Every structure is written in C-alpha cells, then in structure tokens.
Amino acid sequence: MKTYAQTLRNLAIGTIALSLQGSGVAAAEEIVAKLSMHWSPTHHSAAHGQLFADTVNERAAGKLRIEVFPSGQLFGIREQLGAVTSGAVEMGGIVGVVSFPPINKNYNVVSFSGLFDSYAEQRAFFTDDPVGQAVWEDITGKSDSILLMYNPVGPVMTFSTKELSGIESMSGLKARALIGAERPMWEALGANTVSMPTREVYTGLQTNMIDTINSPPGSIRAYSWWEFLTHGQKPYQYFADAYIMANATWFNGLPEELQQLLMEVGAEIGQISTDTIMQNGEETLSEFEGRGGVVNELTGDAKAAFDALMRDKVRPAIADKLDAEVLEAAQAFAAN
C-alpha cells in the first residue's frame with residue numbers, strides 16, 4: 001500500500017514530466033521568417049524567390065516557415081538591405097547595383113560595360129579572386145548579411161518611348177537613373193537624368209516625367225512598363241545580379257539543420273533562376289515586339305560609335321567610382 005508521501009512523490013514526478021513535455025512542444029514550435037521583395041509576383045526574380053520559400057517550407061516539415069511579401073509591401077528596392085541588416089525582416093531580395101555600392105563603392109565594377117561575359121564569371125570574381133573576395137566580405141560584414149541564393153534580374157539594355165537608333169537619337173531624352181553608375185552613360189549621351197525608384201517608374205512614364213530607362217527586359221513586362229515603352233536598344237550593357245540575403249545574426253542562430261536546408265534550397269533554386277534568366281529576357285523581347293515594340297541591335301558604324309563612347313567617356317567616368325586596383329584585378333580576372 002502506497003504511503004501518502006509516495007503518492008505525493010508520484011504526483012510530483014508526473015507533473016514534472018508533463019511540464020517537460022509541454023516545454024518540448026514549445027521548443028519545437030515552427031520558426032517564422034519574413035522574406036521581403038520589391039518585385040511584383042510576375043517578375044522572374046519574385047517567382048523564384050517564392051519558389052525558394054515554398055520549397056523551404058515543404059522540406060522544413062513544420063520547423064521553419066517563410067512568409068513572402070512581394071511588390072514592396074514592406075520595403076522598396078533601396079530599402080531592402082537596410083531592412084535585413086536591422087533585423088526588420090529575416091530575408092530580403094537585394095539588387096546588387098542598388099544596395100551594395102553605398103557600402104563598398106567597388107561593387108560598381110559589375111556596371112563596367114563589357115567587362116564580364118556572364119553571370120558565372122562576374123560571380124566568380126567575388127568568390128575566387130582575393131580582391132573580389134575582400135569586396136564581398138566587406139559588404140556582407142558591414143551589412144550583417146549572408147548570401148542564400150543568386151536570383152538575377154537580367155542583362156540590362158535601354159528602352160524608351162522614343163525611337164532608338166544609335167547614340168545620336170538619345171540626346172535630350174529624359175532618362176530614369178536608379179544607380180550612380182548609370183549617370184556617366186546618360187551624361188555622355190546628352191540625356192537628362194531623373195532619380196526614380198522602381199515603384200515610381202510606371203507613373204513617371206505615364207506622365208512623361210521620364211521617357212527612357214535602362215532595364216532588364218523582364219522588368220518591362222513584370223511592371224507593365226511596356227504599356228508606354230515602344231523601343232529597345234541592344235547591346236546588353238551589364239549583367240544585373242540580385243540575391244536572397246539573410247540577416248547573418250538570425251541565420252547563425254538557427255539550428256544547423258535549418259541553416260543547411262536554406263543553403264541547399266538556395267543553391268538549387270538559384271541555379272534554376274540563373275539558367276533561365278537569359279531565355280526569359282529574350283522571350284520578353286519577342287513579346288514586346290509582338291505588342292508592336294521595336295528592338296534595335298546596333299551594328300556596323302552605329303555599334304562602333306556606341307563602343308567608342310563607352311570606351312572614351314563612360315568607362316573612365318565609371319572607373320572614378322571604384323578603386324583602380326579593384327578594376328585592374330577584375331580586368332585581369334576576366335582576361336584569364
């Protein structure tokens with residue numbers, strides 16, 4: 001027969017066991033993280049950002065859930081990295097040429113027209129070359145961020161509501177400027193620049209505040225800018241890369257299995273995004289032409305004049321926006 005003391009002891013043990021079991025349930029609760037993107041849901045980068053989140057959510061099996069906020073619901077294009085750095089969101093869609101030069105001006109090397117031949121070569125400069133590595137580490141260190149996924153926005157070319165047939169036709173245009181590295185080209189062409197974030201471009205074109213932009217082809221469809229744009233001009237100028245970045249402090253505090261999951265899914269979906277971005281751009285241009293748009297690819301004397309302008313006026317001006325040793329290292333890396 002149990003004594004009163006034994007009964008109390010058994011009850012206490014049972015209570016402690018239930019308490020520990022409850023604590024275990026609480027400890028295993030799903031981690032919820034926000035992913036902020038300025039891209040609209042139809043944009044190539046937004047679609048792959050969503051695919052990244054959906055894949056993580058499925059494979060995490062209740063341990064981690066990513067909530068996606070596209071279309072600048074939380075932050076605009078120029079605010080994404082600051083939101084990640086501050087911890088206002090755990091992850092963000094970051095456009096490199098917009099967010100990184102204010103931290104380290106040497107990221108402007110990616111805007112140096114004709115320097116890199118592909119996304120792979122451009123990225124390898126930051127991962128394989130010691131000078132490029134130092135630039136990347138400085139950016140991620142100062143912004144408390146870590147790269148989860150490459151998510152390119154596409155190669156950049158010029159679009160306008162006016163005819164584009166070479167450098168002479170671009171004089172006097174009202175060009176949207178998003179990044180500092182764009183201004184030397186517009187100035188050399190004799191265009192007037194208007195600083196304007198992505199969310200204002202549609203209205204800017206609609207009201208004739210601007211009539212010309214540099215943009216990846218996919219963006220003119222995703223944001224419906226092609227409702228106003230009528231002409232496009234190649235060559236592609238540079239490869240605009242974007243990234244899904246996470247707050248490094250938050251990431252490092254996750255269980256190791258979730259860190260590994262985010263990296264694995266990021267590599268997988270990032271490869272899909274990269275493999276399809278060039279095709280996406282060309283398909284968009286075909287659709288643009290199907291809507292009555294005109295795409296002009298400079299050849300012959302017109303191409304020679306454009307190349308001379310870039311070589312003699314634009315590149316020296318962009319070179320002033322980064323350290324000479326970084327540009328020299330990038331040129332040597334690309335040459336090899």
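Reading the values: rules and limits
Once a new chain begins, its residue numbering starts again from 1 and follows that chain's sequence as written. Thresholds applied to this predicted model are a pLDDT of at least 70 for local features of residues and 80 or more for the giving and counting of side-chain atom pairs; totals over whole chains, interfaces and linings are not thresholded and use all residues. Each side-chain value is derived from all of the structure's non-hydrogen atoms; neither hydrogens nor water enter the calculation. Only DSSP runs of H or I with at least four residues qualify as helices, and only runs of E with at least two residues qualify as strands; both kinds are numbered from the N terminus onward. When accessible area is computed with a 1.4 Å probe and restricted to protein chains, residues below 20% of their type maximum are described as buried, those above 50% as exposed, and intermediate ones as partly exposed. Working rule for contacts: check all heavy atoms of both residues, and any pair within 4.5 Å makes them a contact. Positive: Lys, Arg. Negative: Asp, Glu. His and the chain ends are not part of the count. In this description, the location of a charge corresponds to atom NZ of lysine, CZ of arginine, CG of aspartate or CD of glutamate. In a helix, the anticipated span is given by 1.5 Å times the number of residues less one. Any two strands with at least two DSSP bridges between them are considered paired. Between the N-to-C directions of two axes lies an angle of 0 to 180 degrees, each axis being a line fitted to C-alpha atoms and, for a helix, fitted only over the stretch in contact. Contacts described as polar in this section are N or O atom pairs within 3.5 Å, which, within protein, must combine one atom able to donate a hydrogen with one able to accept it, while residues neighboring in sequence count only if both atoms come from side chains. Working definition of a nonpolar core: buried Ala, Val, Leu, Ile, Met, Phe, Trp, Tyr and Cys residues. They are joined through side-chain atoms within 4.5 Å. Using a 1 Å grid laid over the protein atoms alone, points where a 1.4 Å probe fits but cannot get out form a cavity; open sets with protein on both sides within 12 Å along at least 5 of 7 lines form a pocket; any residue with an atom within 4 Å of a point counts as lining. Grid points are joined across faces, edges and corners, and a volume is the space filled by probe spheres set on the points. Following the grouping adopted for this structure description, the nonpolar residues are Ala, Val, Leu, Ile, Met, Phe, Trp, Tyr, Cys and Pro, the charged ones are Asp, Glu, Lys and Arg, and the polar ones are all others, Gly among them. For classification purposes, an angle smaller than 35 degrees is called roughly parallel, one larger than 145 roughly antiparallel, one from 65 to 115 roughly perpendicular, and anything else oblique. When the near helix sits turned anticlockwise from the far one by under a right angle, the crossing is termed left-handed; a clockwise turn instead gives a right-handed crossing.

*Asks:* Help me out: how do you make sense of the overall build of the protein chain in this one?
*Replies:* Helix and strand counts for the protein chain stand at 13 helices and 11 strands. Along the first, second and third principal axes, the C-alpha atoms of the protein chain reach 105 × 45 × 30 Å. Looking at the 336 residues of the protein chain, the share that counts as buried comes to 50%. For the protein chain, the share of sequence-separated contacts (at least 6 apart) that also reach a separation of at least 24 residues comes to 76%. Here the protein chain carries 23 positive and 39 negative side-chain charges, and the mean point of each set is 6 Å from the other.

*Asks:* Hey, could you run me through helix H13 (residues 324–335) in this one?
*Replies:* Between the first and last C-alpha of H13 there are 16 Å, a value that for 12 residues agrees with the 16 Å anticipated at 1.5 Å per step. Those residues of H13 that are buried lie in contact with helix H5 (119–128), helix H6 (130–143) and helix H12 (300–319).

*Asks:* How should the sheet that holds strand E1 (residues 31–36) be read in this particular structure?
*Replies:* The strands that make up a sheet pair up through hydrogen bonds in the backbone, lying either parallel or antiparallel. An order of E2-E1-E3-E10-E4 is seen for the five strands of this open sheet, with the pairing classed as mixed. The open sheet has two edge strands with one neighbour each: strand E2 (64–69) and strand E4 (145–150). Across the sheet, the mean angle separating the axes of adjacent strands is 30° when strand polarity is ignored. With two bridges connecting them, E1 and strand E3 (residues 91–95) associate as parallel partners. Bridged to Leu35 within E3 is Met91. Helix H2 (residues 44–60) contacts E1, E2, E3, E4 and strand E10 (242–247) of the sheet and is inclined by roughly 160° relative to E2. Most of the contacts of helix H11 (residues 256–290) go to E4, to which it runs at about 45°, and overall it touches E1, E2 and E4.

*Asks:* Explain the side chain of Thr284 to me, please; I cannot follow it from the model alone.
*Replies:* Considering the arrangement of structural elements, one finds Thr284 in helix H11. A distance of 2.8 Å separates the side chain of Thr284 from the backbone oxygen of Asn280, its partner in a polar contact. Apart from the residues lying within four places of it in its own chain, the contact partners of Thr284 are Pro217, Gly218, Ile220, Arg221 and Trp226.

*Asks:* What am I meant to see in the nonpolar core here?
*Replies:* Nonpolar side chains tend to gather and get buried jointly when the protein is soluble and globular. Formed by 92 residues in total, the largest nonpolar core has its most connected members in Phe52 and Leu262. For Leu262, the contacting residues outside a window of four places in its chain are Phe52, Val56, Leu64, Ile66, Leu148, Trp250, Phe251 and Leu254.

*Asks:* Where do I start with the pairing of strand E8 (residues 212–215) in this structure?
*Replies:* In summary, the side chains of a regular strand alternate between the two faces of the sheet. Every second residue of E8 is oriented toward a common face, with Thr212 and Asn214 on one face and Ile213 and Ser215 on the other, all of them buried. In the sheet, strand E5 (residues 154–160) pairs with E8 via four bridges, with the strands oriented antiparallel. Counterpart to Met157 in the pairing with E8 is Ser215.

*Asks:* Help me out: how do you make sense of empty space enclosed by the protein in this one?
*Replies:* Take a probe with the size of a water molecule and roll it over the atoms, and the empty space left behind shows itself. Considering all chains together, one arrives at two cavities of 30 Å³ or more under this definition. Of the volumes computed, that of the largest cavity is approximately 230 Å³. Lining the largest cavity are 22 residues, and of these Ile77, Val95, Arg176, Leu178 and Pro216 lie nearest its centre. The class makeup of the residues in the lining of the largest cavity is 14 nonpolar, six polar and two charged. In terms of lining residues, the second largest cavity is bounded by Ser111, Ser113, Ala181, Glu182, Met185, Asn214, Gln237, Tyr238, Met310, Val314 and Ile318. Listing elements by their share of the lining of the second largest cavity, those giving two or more residues are strand E9 (231–240) and H12. Classifying every residue of the lining of the second largest cavity gives six nonpolar, four polar and one charged.

*Asks:* Please explain the packing of H5 against H13 as it appears in this structure.
*Replies:* A pair of packed helices is captured by two measures, namely the crossing angle of their axes and the spacing between those axes. Where H5 contacts H13, the axes come no closer than 10 Å and their chain directions differ by 120°. Classified by the angle their axes make, H5 and H13 are oblique. Seen along the crossing, H5 lies across H13 with a hand that is right-handed. Taking contact as the criterion, the partners of Glu121, Ala124, Phe125 and Asp128 in H5 are, on H13, Val326, Ala329, Ala330, Phe333 and Ala334. The residue makeup of the contact of H5 with H13, split by class, is seven nonpolar, no polar and two charged.

*Asks:* Quick question: what am I supposed to make of the layout of surface pockets here?
*Replies:* Taken as a whole, the largest pocket spans an internal volume of roughly 190 Å³. Along the walls of the largest pocket sit 14 residues, with His38, Ser71, Gly72, Thr198 and Arg199 positioned nearest its centre. In the lining of the largest pocket, the residues fall into six nonpolar, six polar and two charged.

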